[in-house]
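# Topology and contacts: notes
Take a look at the letters that make up each chain.
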Amino acid sequence: MSAKGKIFLSHSTRDNTPTRHIANGLREADFDVWVDFDSIRDGQRWLREIQSGIDDCEAVVVVLS
C-alpha cells in the first residue's frame, strides 16, 4: 500500500495508452493505482473485479477522450 492511498482508473480500452501513462505518473508520485489491464487476470470475473477495485479505492479518475 502506498502512502497516498489507492486510485481507481476508469477508461475505455481505446484509451489504454494514455491511461497507462497516467497510471505510471501516479505510481511515481507514490499512489497505489488500480487499473483493469494490470489488476484483472485471465479467468477472473470482470464485473466482480471492477466492483471490488472501486470498493477498495479512495478516489476514482475517469479518462475521457
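Preceding block: the structure.
Treat the numbers as computed from the prediction; the structure is a model and nothing was measured.

## Here's the deal with the side chain of Thr19
Looking at where Thr19 falls in the secondary structure, it is placed in helix 1 (residues 16-28). Apart from the residues within four sequence positions on either side, Thr19 is in contact with Leu9, His11, Val35, Phe37 and Val63.

## Re the sheet that holds strand 3 (residues 59-62)
If you walk across this open sheet you meet the 3 strands as 2-1-3, and the pairing is parallel. The open sheet has two free edges, formed respectively by strand 2 (32-34) and strand 3, since each of these has just one partner strand. On average, adjacent strands in this sheet sit at an angle of 30° to one another, irrespective of strand direction. Note: strand 1 (residues 6-10) against strand 3, 4 bridges, orientation parallel. Counted as the bridge partner of Ser10 is Val62 from strand 3.

Definitions and limits used
- Residues numbered from 1 in each chain as written.
- Predicted model: local features only at pLDDT ≥ 70, side-chain atom pairs only at ≥ 80, totals over all residues.
- Heavy atoms only, no water.
- Helix = DSSP H or I, 4+ residues; strand = E, 2+ residues; numbered from the N terminus.
- Contact = heavy atoms within 4.5 Å.
- Pairing = 2+ DSSP bridges.
- Axes fitted to C-alpha atoms, helices over the stretch in contact; angles between N-to-C directions.

That's the geometry; what it means functionally is another story.
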